[in-house]
Amino acid sequence: MYYFQMSFIFLLFNLIADAFLNFALRKSNSYSQSNIKLSALREFQYGEIKLIKFLGRINMVKSTIDKGNNNDDNVATTIRLFEARIVSNPPKMGERGQRVYIKEYSVDGIKYGRKERKAITKISKNEREKEKLKINQMIQKSELEQQDNEVNPEIFEFQAKEVEKDNNNSSTFPLPLLLNYTAPVPPVPQLLGILKVDDRVEDSQFQSQWSRKFPRLQLPQKGFMVLVYNWDSATFRTLSRFPKLPQIIQGFEYFSEERRIKRRYNFIRKMIQKILIVISKIHNSGYCHGALTSESIWLTTSNQLEIDQLDVQVADWSNSIALKSVGPDARLLINEDIYQLGFLLLEIIFASFANDEYRQVLYTQREWQQVFENQLNKDLGQLKKFVSSNRDFNQAVSVLEINNDAIYKLIFKCLVVNDLYDNERVNKINISASKLLNDFRKNLKNPQI
């Protein structure tokens, strides 16, 4: 009996000591939460976010679109990225140890963090409302079919699912889902919450723990802002990585260049359509991105063999602008996104199909823009002649010409979008991402590859 009591006391002591040490560790590796009120997002409390690993920095300057609105700083702002875990105590249902990543904005960069928060919150809300409407229409349609055809209602089974808090409404609502319904991948990363660093980072214990864990990183300062994102299959799987990845070759494709090109083309073709769909959703939600690059477009998979799993998200919203805030200039902002998409497509196509050994032609999105604007004077005919005369581009050119120049036409429409005005700056032709998508799909009805 004595040994049993001593063992019990020893076990209890270990549990208390372990809990105390874990709390101290969470405190030292976590940020703190100030008294901010944001109904749209979760307010993470002090000690709920444990930093695991430093991922890198994003160095950015004010977008060219935004510079015209005011003439304040154009200096670079550094955004730091960390991998982290949610370590809520007590743990909340389903999130204990949940993997997340955080974007840390310095005091000077908080305005960019606010832009990103507002844009992602608005776009996510807009998509949830559309999806709710779509599902309700599916339910109504199925009920009508049951009535018309006298089908057994048990065929249509529904599940009830509680949705996360609405952006502008703290209440939750039940959303009936079809049994085999699969929710689409959101067009933007999932923002879980926000926290703001307070004076607790000035505590000596915090500073000591930070220096040991991140010895080469500057300490966070009071007033920093941190956005907390869910880590999913698309996180940091950027479009820029895809052309540089050696792809798995199956069976006889190893001996057939034509089959390898076909598989790669099919993946790129679907990727382009997904990008156009996402950009269309973004613009319809009332925002322009303002800084589209291959780094800001994320893929759910970069493996050509997993084409059925391919979907796209657009990240990095620090330079975004609400279209309603600029009035009649909204069309100019939409056009700038589409214009940058044209150079982005040039980068991806020519990097993906430079040759069969995946040797990369060193033309980035920015370099294609410089060539087009400075060297070729925005002449589409000269652009076509430029790429056709380079033998390293032979494979890429053959892909551009598939289906009666389908991708060529898409890129050209993107590149002329800023010049389609008369002398009074009125649109001659209204080009949108949705129209580009429809035209592209029409040209691909009968693939020639």
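All values derive from a computational prediction rather than experimental measurement.

Rules behind the numbers
Throughout this description, residue numbers start from 1 for each chain and increase along the sequence as written. Confidence filtering applies because this is a predicted model: local features only for residues at pLDDT of at least 70, side-chain atom pairs given and counted only at 80 or more, and all residues used for totals across whole chains, interfaces and linings. The side-chain values count all of the structure's non-hydrogen atoms but skip hydrogen atoms and water molecules. Helical segments are the DSSP runs of H or I of at least four residues, strand segments are the runs of E of at least two, and each set is numbered from the N terminus. Working definition: with a 1.4 Å probe on protein chains only, accessible area under 20% of the residue-type maximum means buried, over 50% means exposed, and in between means partly exposed. The contact criterion used throughout is that any non-hydrogen atoms of two residues lie within 4.5 Å. Structural elements are reduced to axes, namely lines fitted to C-alpha atoms, with helices fitted over the stretch in contact, and the angle between N-to-C directions of any two is expressed from 0 to 180 degrees. With respect to orientation, any angle under 35 degrees is reported as roughly parallel, any angle over 145 as roughly antiparallel, any angle of 65 to 115 as roughly perpendicular, and every other angle as oblique. The sense of a crossing depends on the near helix, which, turned anticlockwise from the far helix by less than a right angle, makes the crossing left-handed and, turned clockwise, makes it right-handed. Gly falls in the polar group here, along with every residue not listed as nonpolar (Ala, Val, Leu, Ile, Met, Phe, Trp, Tyr, Cys, Pro) or charged (Asp, Glu, Lys, Arg). The quantity called pLDDT is the predictor's confidence in a given residue, expressed from 0 to 100. Salt bridges are defined by distance alone: a side-chain nitrogen of Lys or Arg within 4 Å of a carboxyl oxygen of Asp or Glu. Only Phe, Tyr and Trp rings take part, Trp by its six-membered ring, and two of them pair if their centres are within 6.5 Å. Stacked means planes under 30 degrees apart, edge-to-face means over 60, and tilted covers everything else. Any residue with an atom within 4 Å of a point lines the site, the site being either a cavity, points on a 1 Å grid over the protein atoms alone where a 1.4 Å probe fits but cannot get out, or a pocket, an open set with protein on both sides within 12 Å along at least 5 of 7 lines. Grid points are joined across faces, edges and corners, and a volume is the space filled by probe spheres set on the points. Criterion used throughout: strands pair if DSSP finds at least two bridges between them. In this scheme, a helix's expected span is set at 1.5 Å multiplied by one less than its residue total.

Concerning the overall build of the protein
Working step 1: On a plain count of helices and strands, the protein comes out with eleven helices and twelve strands.
Working step 2: By the burial criterion, 47% of the 449 residues in the protein qualify as buried.
Working step 3: Partitioning the contacts of the protein with sequence separation of at least 6, the portion at a separation of at least 24 is 73%.

Observations concerning the packing of helix α6 (residues 330–352) against helix α7 (residues 365–375)
Working step 1: Interaxial distance between α6 and α7 falls to 8 Å at its minimum, and their mutual angle equals 110°. As judged from the angle between their axes, α6 and α7 are roughly perpendicular. Relative to α7, α6 is oriented so that their crossing is right-handed. From α6, Tyr 339, Gln 340, Phe 343, Leu 344, Leu 346, Glu 347 and Phe 350 reach across to α7, where they touch Gln 365, Trp 368, Gln 369, Phe 372 and Glu 373.
Working step 2: The residue makeup of the contact of α6 with α7, split by class, is seven nonpolar, three polar and two charged.

Describing the confidence of the model for the protein
Working step 1: The predicted model of the protein has a mean per-residue pLDDT of 78, with 71% of residues at 70 or higher.
Working step 2: Segment residues 19–39 is flagged for pLDDT under 50; beyond a separation of four residues in sequence, or across chains, it makes 57 contacts in the model.
Working step 3: Predicted confidence is poor over residues 67–75, with pLDDT under 50, and the contacts of this stretch with residues over four places away or in other chains come to 13 contacts.

A closer look at the pattern of salt bridges
Working step 1: Enumeration over the complete set of coordinates arrives at eleven salt bridges.
Working step 2: Of the charged contacts in the structure, one is a salt bridge between Lys 384 and Asp 405, with a shortest N-O distance of 3.2 Å. With a gap of 21 residues between them, Lys 384 in helix α8 (residues 380–388) and Asp 405 in helix α10 (residues 402–415) connect regions that are remote in the sequence.
Working step 3: Assessed through its relative accessible area of 19%, Asp 405 is described here as buried.
Working step 4: Overlapping salt bridges bring together Lys 53, Glu 83 and Arg 99 as one network.

Regarding the packing of aromatic side chains
Working step 1: One pass over the structure, following the stated rule, counts 22 aromatic pairs.
Working step 2: Ring centres of Phe 350 and Phe 393 lie 4.6 Å apart, and the angle between their planes is 70°; this geometry places the pair in the edge-to-face category. Taken as a pair, Phe 350 in helix α6 and Phe 393 in the loop between α8 and α9 (394–400) lie far apart in primary sequence, 43 residues in all.
Working step 3: With relative accessibility at 2%, the residue Phe 350 sits in the buried group.
Working step 4: Through a chain of ring-to-ring contacts, three or more aromatic side chains come together here, namely Phe 54, Phe 82, Phe 206, Trp 210 and Phe 214.

Quick word on unusual backbone geometry
Note on backbone geometry: most residues besides glycine have negative phi, and most peptide bonds are trans.
Working step 1: In the Ramachandran plot, Asn 403 falls in the positive-phi region, its phi being about 55° despite a non-glycine side chain.
Working step 2: Of note, Asn 403 is situated in helix α10.
Working step 3: In this structure, Asp 405 takes a positive phi of about 60° despite not being glycine.

Some points on empty space enclosed by the protein
Working step 1: Within this structure, the stated rule accounts for two cavities of 30 Å³ or more.
Working step 2: A volume near 40 Å³ is recorded for the second largest cavity.
Working step 3: Every residue along the wall of the second largest cavity is listed here: Ala 406, Lys 409, Leu 410, Lys 413, Leu 436, Asp 439, Phe 440 and Asn 443.
Working step 4: Put simply, the parts of the chain that give the lining of the second largest cavity at least two residues each are α10 and α11 (433–443).
Working step 5: Partitioning the lining of the second largest cavity into residue classes produces four nonpolar, one polar and three charged.

Focus on the pairing of strand β7 (residues 191–196)
Working step 1: Across the six residues of β7, five count as buried, placing the element largely inside the fold.
Working step 2: One ladder, built from two bridges, connects strand β1 (residues 42–43) with β7; its direction is parallel. Among the inter-strand pairings, Arg 42 is bridged to a residue of β7, identified as Gly 193.
Working step 3: In the sheet, β7 pairs with strand β8 (residues 225–230) via five bridges, with the strands oriented antiparallel. For Lys 196, the partnering residue across the bridge sits in β8 and is Met 225.

A short note on the packing of helix α5 (residues 257–284) against α11
Angle between the axes and distance between the axes are the two parameters that describe a pair of packed helices.
Working step 1: Where α5 contacts α11, the axes come no closer than 8 Å and their chain directions differ by 155°. Taken as axis vectors, α5 and α11 run roughly antiparallel relative to one another. Crossing angle aside, the handedness with which α5 passes α11 is left-handed. Of the residues in α11, those touching α5 at Arg 269, Ile 272, Gln 273, Leu 276, Ile 277, Ile 279 and Ser 280 are Ala 433, Ser 434, Leu 436, Leu 437, Phe 440 and Arg 441.
Working step 2: Looking at the contact of α5 with α11 residue by residue, the classes come out as eight nonpolar, three polar and two charged.

Points about the pairing of strand β4 (residues 99–105)
Working step 1: In terms of burial, β4 is largely enclosed, as six of its seven residues are buried.
Working step 2: Sheet analysis places β4 next to β8, joined by six bridges and oriented antiparallel. Its bridge partner being in β8, Lys 103 is matched across the sheet by Leu 227.

A short note on α6
Working step 1: Along its 23 residues, α6 runs 33 Å from first to last C-alpha, staying within 8% of the 33 Å computed at 1.5 Å per residue.
Working step 2: A large share of α6 lies buried, amounting to 22 of its 23 residues.

Section: the environment of Leu 217
Working step 1: Its place among the elements puts Leu 217 in the loop between α4 (204–213) and β8.
Working step 2: Overall, the relative accessible area of 12% leaves Leu 217 in the buried class.
Working step 3: Contacts of Leu 217, omitting those with residues within four sequence positions, involve Phe 54, Arg 57, Arg 80, Phe 82 and Trp 210.

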